[in-house]
Amino acid sequence: MMRHVDLSSPMFSSAEITRAEAETMLKAGRGGADFSGKSLNGLDLSGLDLSGVNFRAARLNKANFANARLDGAVLDQVWALGADFSGASLKKAHLFGSQMQDSKCDGADFSGARVTADLSRASLRHAKFAGADLAPDMKNQSMGLMRAVLKSADLAGADFE
């Protein structure tokens, strides 16, 4: 799938807004901010409350979401290669068809989330998946079997209660 994607292009390697602009958008959106389709690659959004934000189809490669709150956020079809979600709260978030290879999600809380993301080679040490749904999405067979992919992921201490 990644064979024809140029990850060095500005679309996948640079951000189109700054952190200050993102914070302004969050205040204006009052929890319903819309970052869908935006390039936020490499942006430091650590520690922010991004609950309920729409990131659908956004490019978040190497972005920093450490200790951010993304509860109920829509992260469908995002590109978050090498992104840092360490300590982030993603409770009840929706991650459908997301590319999150090589991401760092140590201590992240995916409780109650819908995760059909590719987390190959991701670090998920002590991540919480209590009540999360990682099962295949049987409604989208035309797209191939969409499911959580944890190939070569570090799951030491992860909680799948």
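Residues numbered from 1 in each chain as written. Predicted model: local features only at pLDDT ≥ 70, side-chain atom pairs only at ≥ 80, totals over all residues. Heavy atoms only, no water.

1. Examining the overall build of the chain
Item 1. Along the backbone of the chain there are 2 helices and 2 strands.
Item 2. Helices and strands appear in the chain in the N-to-C order α-α-β-β.
Item 3. Among the 161 residues that make up the chain, the fraction classed as buried is 45%.
Item 4. Summed over all atoms, the accessible surface of the chain reaches about 7700 Å², with 51% contributed by carbon and sulfur. (Helix = DSSP H or I, 4+ residues; strand = E, 2+ residues; numbered from the N terminus. Buried < 20%, exposed > 50% of the residue type's maximum accessible area, 1.4 Å probe, protein only. Areas by Shrake-Rupley, 256 points an atom, 1.4 Å probe, with all protein chains shown as cover.)

2. Some thoughts on the confidence of the model for the chain
Item 1. Averaged over every residue, the pLDDT of the chain is 90; residues scoring 70 or more account for 87%.
Item 2. The least confident element of the chain, judged by mean pLDDT, is helix H1 (residues 10-13) at 64; the most confident is strand E2 (residues 114-118) at 95. (pLDDT = per-residue confidence, 0-100.)

3. Regarding the pairing of E2
Item 1. Within E2, 5 of the 5 residues are buried, leaving the element largely enclosed by the surrounding structure.
Item 2. Judged by which residues are buried, E2 turns out to be covered on both faces: Arg114, Thr116 and Asp118 on one side and Val115 and Ala117 on the other are all buried.
Item 3. Here strand E1 (residues 94-99) runs beside E2; their pairing, made up of 4 bridges, is parallel. Within E2, the position partnered with Gln99 by the bridge is Asp118. (Pairing = 2+ DSSP bridges.)

4. Section: unusual backbone geometry
Item 1. Although it is not a glycine, Arg121 adopts a positive phi angle of roughly 65°.
Item 2. A residue is classified by how much of its surface remains accessible, and Arg121, at 47% relative accessible area, is partly exposed.
Item 3. The phi dihedral of His126 is positive, around 60°, even though this residue is not glycine.
Item 4. Mapped onto the elements, His126 comes out in the segment after E2.

5. Focus on the nonpolar core
Item 1. Counting residues in each nonpolar core, the largest one holds 42 residues, and the members touching the most others are Leu50, Phe55, Leu60, Phe65, Leu70, Phe85 and Phe110.
Item 2. Excluding anything up to four places from it in sequence, Phe65 contacts Leu45, Ser46, Leu50, Phe55, Leu60, Leu70, Asp84, Phe85, Ser86 and Ala88. (Core = buried A, V, L, I, M, F, W, Y, C linked by side-chain atoms within 4.5 Å. Contact = heavy atoms within 4.5 Å.)

6. A short note on the packing of aromatic side chains
Item 1. According to the stated counting rule, one finds 5 aromatic pairs in the structure shown.
Item 2. For the pair Phe35 and Phe55, a centre-to-centre distance of 5.5 Å together with 15° between the ring planes defines the contact as stacked. In this pair, Phe35 sits in the loop between helix H2 (19-29) and E1 while Phe55 sits in the loop between H2 and E1, placing the two residues 20 residues apart along the sequence. Phe55 shares its class with Phe35; the two are buried.
Item 3. With a centroid separation of 4.8 Å and 0° between ring planes, the pair formed by Phe129 and Phe160 is classed as stacked. Pair noted here: Phe129 is in the segment after E2 and Phe160 is in the segment after E2, with a separation of 31 residues, a long-range link.
Item 4. By the ring-pair criterion, three or more aromatic residues cluster together here, those being Phe35, Phe55, Phe65 and Phe85. (Phe/Tyr/Trp six-rings, centres within 6.5 Å; stacked < 30°, edge-to-face > 60°.)

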